Amino acid sequence: MGFSEQDYLQQHNQSVQRELRRISRYVWAISLFWTLTVILMLSWNVWRQQQNTENTARVIARAAFEKDVLYRRWNAELGGVYGVVTGTVRPNPYLEDLVDERDIVTPSGKQLTLLNPAYMTRQVFELGMRDGTSVQHITSLKPIRPANAADPWETEALLQFEQGAAEVSSIERANAEEVMRYMRPLYVETACLKCHKQQGYKVGDVRGGISITVPMAPLRDIERAQITTVVVGGGGLWLLGIVGLLLGGRRIRNGIKRWRGAEHQLLARTVQLRQMQKMESIGVLAGGVAHDFNNILTAINGHAELALRKTEEAQPIRYNLEGILNAGNRAKNLTSQLLAFSRKQIYKSEIIDLNTTVVNIEPMLRRLISEDIDIEMDYGPNLPCINADPVQIEQILVNLVVNARDAIEERAAVAAEKKITIETGQVYLDEDYVARHVDSQTGRHIFFVVSDTGAGMTAEVKSRIFEPFFTTKAQGRGTGLGLATVYGIIKQNGGSIYIYSELDIGTAFKIYWPVASSDSAAPLPGTRPTAADDYSGTETILLVEDDAGVREFAVAALTHQGYRVLPAGDGVEALSVLGRADVSIDLLITDVIMPNMNGDELAEKALAAVPDLRILYASGYTDNHIVHKGNLAKGTNFLQKPYSVDELAKRVRAVLDTPV
């Protein structure tokens, strides 16, 4: 992953977060608007309920007034009505001089008195006050009866009537209780002049009014019940809206998260795929270079070795030959690392217990670091076995521990705990995990982690850390192949590796290795113990090698061991040699990768011609024709380039001694 791709993914994440925050702001803004709308709606409804209550009280008062006016008019039109004199109905003293027949006696002896409209109305009002239904009062600015005098509120209302007002009402407090006070004017009619003419009134004048007081408590009780219903309904509506908004917002956010998550996952997988393609391309290049270089090294080291065998100890040239051979061996190690990165390294897998393997190499790991660095081991219990080459496990751990040591030394100026931790355990990688990590596979895995408290890595360094020859160390301190080797070994064995790193905090390399599917591993075919230094023979060998230098060295080495060697530069030439009637070939040694015809094709045709022919493959890296995922195919004999004289002789002798 390049830095620009990493930066793009980071920008994508930031864009998603901004979009989610914007959605959240929209949801909260709409929720606030909805809340204010409901509050305003409820406030308006409460106000309307209060107005309705007052209007109801006003309607009650108005109805009472209309009733009073009707029976007053009825009384006035009759000129008054007579009633039986009782303790509460006494003759009206104000009618004594105005009406001749104020009081009469019935034939049965009952005493009756005249009840004029005002008197009768007052009697009804007093009855209503005793029942507690309402308080009504006849009043006037020029009352004949003192009890009809207006109070301040009534006085103000009467003055408004003279100005043309049709009615006056307001909410007041009387005796600490809330009441509706209502008043309508009484106009002088013809029948009224009988009693009020001497006061100077004429028909149509405002003579006074009827004041009605309606208690508000019962109406307020009804109002509160209605307001409660409105508030509960409105609150429920508000809650429903808020829940809907929040759930809707959540669904939108989740939808965006899923959509953006899928988009991000696609981008991440694309970046991972590009990284894998890049590493594959580098691996192919590295493998090709290593293959060609191995051919050269085979010739260099082989001829140097042969020359050393022919040189006496005292000869000065021997020092130069030893220098050539030593340099060639160092170059051989480099090509071995390149082959490990390109997953072309041959390894001998077996069923091993990881914890036991790590315990065995722990002392060596401790010797790799300085005494001021603490190394802590954390072994997971009951780990299942894995199919691996212990030497490759050692390579991985050595490279990672050395890398951790160097990272800690880079941070030497910081007063931090110098510590390397190696942890083992087991885990199941599910489909979800694999979906997010392109180069991993589902199933049971063991894992081992090497973490340190070193300097950490930037995103750019992290994206290139497994590239061959990439290093952050000072010139001369590293080849840049250590972590490339780790990467190649892990990929070759179907595993995966991931890095977590923080600057000035440290780094952790986590390796996942598939659990073994069986309790045994196929051994490397064609191997058996042989007597020490007993590698000579007299058999006839057909050596097929397209590289002239390697071919010459191998011919010389095998001839030195007593074998008859027939060289060939390619498959076509080799088949022509096989077709000769004067030769009987005991062993075919063929390079795997050759022009025109590869080693696998040559072997197939050779076996068709000579069914019992023994075959030994040699290559700087293996091909899928011969090797599947780095393990030798069943029944295959293989010789890894570059090889020494002894390695060549030992392997040839072993193959020749194996029964067909």
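Residues numbered from 1 in each chain as written. Predicted model: local features only at pLDDT ≥ 70, side-chain atom pairs only at ≥ 80, totals over all residues. Heavy atoms only, no water.

## Description of the confidence of the model for the chain
- Residue-level pLDDT values for the chain average 78, and 76% of them are 70 or greater.
- Taken element by element, the predicted model of the chain shows its lowest mean pLDDT in strand 20 (residues 631-632) (42) and its highest in strand 15 (residues 540-544) (95).
- A low-confidence stretch, residues 519-532 stays under pLDDT 50, and its non-local contacts, those more than four residues away or across chains, total 26 contacts.
- Taken as a whole, residues 621-632 scores under 50 in pLDDT and shows 37 contacts with residues more than four places along the chain or in a different chain. (pLDDT = per-residue confidence, 0-100. Helix = DSSP H or I, 4+ residues; strand = E, 2+ residues; numbered from the N terminus. Contact = heavy atoms within 4.5 Å.)

## Let's talk about the pairing of strand 14 (residues 506-514)
- Most of strand 14 is tucked away: seven of the nine residues are buried.
- Where strand 13 (residues 496-502) meets strand 14, seven bridges bridge the pair, whose relative direction is antiparallel. By the bridge assignment, Tyr 500 is partnered in strand 14 with Ala 508.
- Hairpin connection between strand 13 and strand 14: a loop of three residues separates the two successive antiparallel strands, and Asp 504 in this loop has a positive phi of roughly 60°. (Buried < 20%, exposed > 50% of the residue type's maximum accessible area, 1.4 Å probe, protein only. Pairing = 2+ DSSP bridges.)

## Regarding helix 13 (residues 571-578)
- For helix 13, the full list of buried residues reads Gly 571, Ala 574, Val 577 and Leu 578. Considered in projection along helix 13, the buried side chains sweep an arc of 115° and stay on one side of the axis.
- Measuring from the backbone nitrogen of Val 572 back to the side-chain oxygen at the start of helix 13 gives 3.2 Å, which picks out Asp 570 as the cap. (Arc of directions from axis to C-beta. Polar contact = N/O pair within 3.5 Å; in protein donor to acceptor, adjacent residues only side chain to side chain.)

## Side note on the sheet that holds strand 2 (residues 103-105)
- Here three strands make up an open sheet; going across it, the order is 1-3-2 and the pairing antiparallel. Strand pairing shows two members of the sheet lacking a second neighbour, strand 1 (81-84) and strand 2, which therefore form its edges. With direction set aside, neighbouring strand axes in the sheet form an average angle of 35°.
- In terms of strand pairing, strand 1 meets strand 3 (residues 111-115) through four bridges, oriented antiparallel. Opposite Val 84, over in strand 3, you have Leu 112 as the bridge partner. (Axes fitted to C-alpha atoms, helices over the stretch in contact; angles between N-to-C directions.)

## Brief notes about the packing of aromatic side chains
- For the coordinates displayed, the defined rule picks out two aromatic pairs.
- The structure contains a cluster of three or more aromatic residues connected by ring pairs, namely Phe 447, Tyr 498 and Tyr 512. (Phe/Tyr/Trp six-rings, centres within 6.5 Å; stacked < 30°, edge-to-face > 60°.)

## Quick notes on the packing of helix 12 (residues 548-560) against helix 15 (residues 645-657)
- At their nearest, the axes of helix 12 and helix 15 sit 10 Å apart, and the two run at 65° to each other. The pairing of helix 12 with helix 15 is recorded here as roughly perpendicular in orientation. Where helix 12 crosses over helix 15, the handedness of that crossing is right-handed. In contact with Phe 553, Ala 554, Ala 557 and Leu 558 of helix 12, helix 15 contributes Val 645, Leu 648 and Val 652.
- Looking at side-chain class alone, the contact of helix 12 with helix 15 contains seven nonpolar, no polar and no charged residues. (Parallel < 35°, antiparallel > 145°, perpendicular 65-115°, else oblique. Left-handed = near helix turned anticlockwise from the far one by under 90°. Nonpolar A, V, L, I, M, F, W, Y, C, P; charged D, E, K, R; others polar.)

## Section: the sheet that holds strand 4 (residues 135-139)
- Judged by pairing direction, the sheet is antiparallel, and its four strands sit side by side in the order 4-7-6-5 without closing on themselves. A strand with exactly one partner marks an edge of an open sheet, and here the two such strands are strand 4 and strand 5 (168-174). Between one strand axis and the next, the sheet turns through 25° on average, direction left out of account.
- Where strand 4 meets strand 7 (residues 206-215), five bridges bridge the pair, whose relative direction is antiparallel. In the strand pairing of strand 7, Ile 138 is matched with Ile 210.
- Along the sheet face, helix 3 (residues 152-162) touches strand 4, strand 5, strand 6 (177-187) and strand 7 and points at about 40° away from the line of strand 6.

## Some details on the packing of helix 7 (residues 354-368) against helix 8 (residues 390-410)
- Running from N to C, helix 7 and helix 8 point in directions that differ by 40°, and their axes come no closer than 10 Å. Relative to helix 8, the element helix 7 lies oblique. The handedness of the crossing between helix 7 and helix 8 is right-handed. When helix 7 is examined against helix 8, the residues Leu 354, Thr 357, Val 358, Ile 361, Met 364, Leu 365 and Leu 368 are found in contact with a partner set consisting of Pro 390, Ile 393, Glu 394, Leu 397, Val 398, Val 401, Val 402 and Arg 405.

## Concerning the nonpolar core
- Judged by nonpolar contacts, the single largest core of 39 residues is most densely connected at Ile 393, Ile 396, Ile 420, Phe 448 and Trp 513.
- The element contributing the most residues to this core is helix 8, with seven residues.
- Residues in contact with Phe 448, not counting those within four places in the same chain, are Leu 354, Ile 393, Ile 396, Leu 397, Glu 423, Thr 424, Phe 509, Lys 510, Ile 511 and Trp 513.
- If you look at the next biggest cluster of nonpolar residues, it comprises 22 residues, including Phe 65, Val 69, Tyr 71 and Tyr 119. (Core = buried A, V, L, I, M, F, W, Y, C linked by side-chain atoms within 4.5 Å.)

## Considerations on the pattern of salt bridges
- By the definition in use, this model includes 18 salt bridges.
- Measuring nitrogen to oxygen at the nearest pair gives 2.8 Å for the salt bridge that ties Glu 167 to Arg 62. Placement of the pair is Glu 167 in the loop between helix 3 and strand 5 and Arg 62 in helix 1 (residues 3-77), with a sequence separation of 105 residues.
- Taking the relative accessible area as the measure of exposure, Glu 167 reaches 31% and is therefore partly exposed.
- A relative accessible area of 27% places Arg 62 in the partly exposed class.
- Among the salt bridges present, the one from Arg 224 reaches Asp 221, with a minimum N-O distance of 2.3 Å. Taken together, the positions of Arg 224 and Asp 221, both in helix 5 (residues 217-309) and three residues apart, correspond to about one turn of that helix. (Salt bridge = Lys/Arg side-chain N within 4 Å of Asp/Glu carboxyl O.)

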